[in-house]
Amino acid sequence: MRRWVCGLMCFAFGVAPVWADGDLARKNACMSCHAVDKKLVGPAYADVAKKYAGQKDAAASVAQHIKGGGAGRWGPVPMPAQPGLSDADALTLANWVLAGAK
């Protein structure tokens, strides 16, 4: 019931509910290389959240890495850039990951 009420309120105020961010990750194939609690090709979202915990600009930094890709932060396998992802969606995903991907 609580989730339904939250979803209704979020809809009324034009804000995506929190669980929608997992859908955004699946829609953009993030879950092909990442999982919440274990390393696949890339790091677990929980490990990313731990690494950036307490950093003031963490969301912006993670969003930049999502859009721009890169290599060397988590091992030799490069993360491909996601240039087609909007800045807003990259930031939404970054905040979701930093919140523990829940």
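Residues numbered from 1 in each chain as written. Predicted model: local features only at pLDDT ≥ 70, side-chain atom pairs only at ≥ 80, totals over all residues. Heavy atoms only, no water.

Novice: So what exactly am I meant to see when it comes to a nonpolar patch on the surface here?
Specialist: Residues Leu40, Val41 and Val77 make up a contiguous nonpolar surface patch of roughly 240 Å² in combined accessible area. By the element assignment, Val41 lies in the loop between helix H2 (20-27) and helix H3 (45-52). Note on Val41: relative accessible area 43%, which makes it partly exposed. (Patch = residues over 30% accessible without salt bridge, like charges linked within 9 Å, V, L, I, M, F, W, Y side chains within 5 Å. Areas by Shrake-Rupley, 256 points an atom, 1.4 Å probe, with all protein chains shown as cover. Salt bridge = Lys/Arg side-chain N within 4 Å of Asp/Glu carboxyl O. Helix = DSSP H or I, 4+ residues; strand = E, 2+ residues; numbered from the N terminus. Buried < 20%, exposed > 50% of the residue type's maximum accessible area, 1.4 Å probe, protein only.)

Novice: What is the right way to read the nonpolar core from this model?
Specialist: Most often, soluble globular proteins have nonpolar side chains that are buried together. Counting 17 residues, the largest nonpolar core has Ala25, Tyr45, Val62, Ile66, Leu93 and Trp96 as its most contacted members. For this core, the secondary-structure elements that each account for two or more residues are H2, H3, helix H4 (58-68) and helix H5 (87-98). With five residues, the single largest contributor to this core is H5. Residues contacting Tyr45, with those up to four places away along its chain left out, are Ala25, Cys30, Met31, His34, Ala35, Val36, Trp96, Val97 and Ala101. (Core = buried A, V, L, I, M, F, W, Y, C linked by side-chain atoms within 4.5 Å. Contact = heavy atoms within 4.5 Å.)

Novice: Any chance you could explain the state of the cysteines here in plain terms?
Specialist: Among covalent bonds in proteins, the disulfide is the one between the sulfur atoms of two cysteines. Scanning the model with the defined rule gives zero disulfides in all. Between Cys30, a free cysteine, and Cys33, which holds the nearest cysteine sulfur, the sulfur-to-sulfur gap is 8.9 Å. (Disulfide = S-S within 2.5 Å.)

Novice: Honestly, the packing of aromatic side chains in this entry has me stumped. Any pointers?
Specialist: Aromatic rings in a pair are described by how distant their centres are and how their planes are angled relative to each other. A complete count under the given rule lists one aromatic pair for this structure. A cation over an aromatic ring shows up here: Lys51 above the ring of Trp74, its NZ or CZ 4.6 Å from the ring centre. (Phe/Tyr/Trp six-rings, centres within 6.5 Å; stacked < 30°, edge-to-face > 60°. Lys NZ or Arg CZ within 6 Å of the ring centre and 35° of its normal.)

Novice: Any chance you could explain the pattern of salt bridges here in plain terms?
Specialist: Between side chains of opposite charge, a pair can form as their charged atoms come close. Using the criterion set out here, one finds two salt bridges in the structure. Here Lys67 ties to Asp87 by a salt bridge, and the two come within 3.1 Å at their closest N and O atoms. Residue Lys67 is located in helix H4, and its partner Asp87 is located in helix H5; the two are separated by 20 residues in the primary sequence.

Novice: Even after reading the chapter, I still don't get the environment of Lys51, so can you show me in this structure?
Specialist: Relative to the helices and strands, Lys51 is located in helix H3. The exposure class of Lys51 is partly exposed, given its relative accessible area of 38%. Distance from Lys51 to Leu98, taken between C-alpha atoms, is 9.3 Å for residues 47 residues apart in sequence. Ignoring sequence-local partners within four residues, the contact set of Lys51 consists of Arg73 and Trp74.

Novice: For this particular structure, what's the right way to read the confidence of the model for the protein?
Specialist: Low pLDDT marks stretches whose predicted atomic positions should not be read closely. Averaged over every residue, the pLDDT of the protein is 85; residues scoring 70 or more account for 80%. This model gives residues 1-18 a pLDDT under 50, and the stretch forms six contacts once residues within four places in sequence are excluded. (pLDDT = per-residue confidence, 0-100.)

Novice: It is not clear to me how the layout of surface pockets should be interpreted in this structure. Could you clarify?
Specialist: Rolled over the atoms, a probe sized like a water molecule indicates the empty space that remains. When its volume is computed, the largest pocket comes out at roughly 650 Å³. Lining of the largest pocket is provided by 32 residues; of these, His34, Gly42, Pro43, Trp74 and Met79 occupy positions nearest its centre. Elements represented by at least two residues in the lining of the largest pocket include exactly H3, H4 and H5. Classifying every residue of the lining of the largest pocket gives 21 nonpolar, nine polar and two charged. (1 Å grid on protein atoms, 1.4 Å probe; cavity = no way out; pocket = protein on both sides within 12 Å on 5 of 7 lines; lining within 4 Å. Points joined across faces, edges and corners; volume = space filled by probe spheres on them. Nonpolar A, V, L, I, M, F, W, Y, C, P; charged D, E, K, R; others polar.)

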